[in-house]
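Observations on the model geometry
Each chain, letter by letter, is given below.
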Amino acid sequence: MDNLGTMEELPKDYQDEMERTLVHPLWPLLRNTLPPHKPNSVTQSHNWAYKDVRPLLMRAGELTPVEKAERRVLMLSDPGRGAGAMQATATIYAGLQLLLPGERAPSHRHTPSAARIIVEGEGAYTVVDGERLPMEMGDVVLTPGGAWHDHGHDGAEPVIWLDALDLPLFARLEASYGEEGDFLAQRNRPDASQLEFAASGLLPTNRNAPEVEPKAKMLRYPWKRSEEALRNLAEHADEGEAIELDYVKPGTSDSCLAVLGFTATMLRKGDPVRQKVRSSSAVFHVVKGQGTSVIDGKTIEWSDKDTFSAPVFAEIDHEAAEDAFLIRIHDAPLQQKLEFYEERPRS
């Protein structure tokens, strides 16, 4: 049915009585809520060029000490929602965080889950429930919802990373809150990504071994390992084929976080990739390389360390000017759990 009734067709006294009673007719709004074929997206694709954002972030380091910020972050606000929006897409919060040498961001925990993609610098670390996790360029470091975590910096140069959280979902559910705590004691053992048995999803028979807990959990995914795997996969990929690897819990096919997914991607120089249309929204972070993406007809030119977004059901074409590596942050895990995720062929 295309010609649904409108509010203007209803008598004024009836409208006034509904307003007093706090009810409203569904039919004038139905097509906004349930549009045909695909959702009406508020999200607008955008590229946050690192060369533009970095100076502002460094100035924030001069203006605001970490003790006054708790987390010194510049949020990436979706232009469809306007300045100050704590959303890069409907479900993804993203922001660039700065930690200066000698600083330590205080311990806290919160209901939303977070991941950090390390953009620049060396010497910083995150402590998650006592596990000290080094932060190196391109690494994905997780702080699952409810986990205590703080950040520290023993190096000599600024360290910057991209935060990605499922904060918009928790805010909409009225489930978002946090707690502050003391700086965390650190266990004297390597993180799970450096233990070959844990990285492969295996555990020693002796569960009381001091170097492992009863349940090994991967909280750090080193970029060096991801890039090596992508390059190996590329040797066997056809032209125009997307070279992608999902970050999962070791030994399973489950996404590393419950709501957000993370996918390492390689784009080969001069090999255009025409993506399927996905129902999930996305934020792409360029670990290294440069190229062009056309998103629903909008051309985005990107380079090292840039971050750009795409709305749901976007038509996306990538082409790299040199071999490029990206990490795609997306909400497919949430959609799969709710059983509405889909992929559509391009027309």
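Here is a short report on the structure shown in this document. (Residues numbered from 1 in each chain as written. Predicted model: local features only at pLDDT ≥ 70, side-chain atom pairs only at ≥ 80, totals over all residues. Heavy atoms only, no water.)

**Observations regarding the pattern of salt bridges**
By the definition in use, this model includes 24 salt bridges. Among the salt bridges present, the one from K288 reaches E227, with a minimum N-O distance of 2.9 Å. Here K288 is found in strand β17 (residues 282-288), whereas its partner E227 is found in helix α7 (residues 223-234), with 61 residues between them in sequence. Note that E342 is salt-bridged to R344, the shortest N-O span being 3.0 Å. Salt bridges sharing partners connect three or more residues here, namely E244, K276, R278, R328 and E343. (Salt bridge = Lys/Arg side-chain N within 4 Å of Asp/Glu carboxyl O. Helix = DSSP H or I, 4+ residues; strand = E, 2+ residues; numbered from the N terminus.)

**Describing the environment of T299**
For T299, the location among the structural elements is in strand β19 (residues 298-302). Residues contacting T299, with those up to four places away along its chain left out, are T292, S293 and V294. (Contact = heavy atoms within 4.5 Å.)

**Considering the sheet that holds strand β14 (residues 261-267)**
Adjacent strands of a sheet pair through backbone hydrogen bonds, lying either parallel or antiparallel. Read across the sheet, 6 strands follow the order β1-β20-β17-β22-β14-β13 without closing on themselves; strand pairing throughout is antiparallel. Each end of this open sheet is capped by a strand with a single partner; those strands are β1 (47-48) and β13 (243-246). Across 6 bridges, β17 lies against strand β22 (residues 324-330) in antiparallel orientation. Across the sheet, H285 pairs through a bridge with I327, a residue of β22. (Pairing = 2+ DSSP bridges.)

**Focus: the nonpolar core**
Among the nonpolar cores identified, the biggest contains 46 residues, and Y247, F262 and I329 are the most heavily contacted of them. Once residues within four sequence positions are removed from consideration, Y247 is found in contact with V140, Y221, W223, S226, D254, S255, C256, F262, T263, A264 and I327. In terms of nonpolar packing, the next biggest core, distinct from the first, is built from 15 residues, A282, F284, I300 and A314 among them. (Core = buried A, V, L, I, M, F, W, Y, C linked by side-chain atoms within 4.5 Å. Buried < 20%, exposed > 50% of the residue type's maximum accessible area, 1.4 Å probe, protein only.)

**Some remarks on the side chain of H285**
Its location among the elements puts H285 in strand β17. Judged by its relative accessible area of 2%, H285 falls in the buried class. Of note is the side chain of H285, whose polar atom sits 3.2 Å from the side chain of T307. Not counting residues up to four positions away in its chain, the partners in contact with H285 are I117, V119, L162, K305, D306, T307, F325, L326 and I327. (Polar contact = N/O pair within 3.5 Å; in protein donor to acceptor, adjacent residues only side chain to side chain.)

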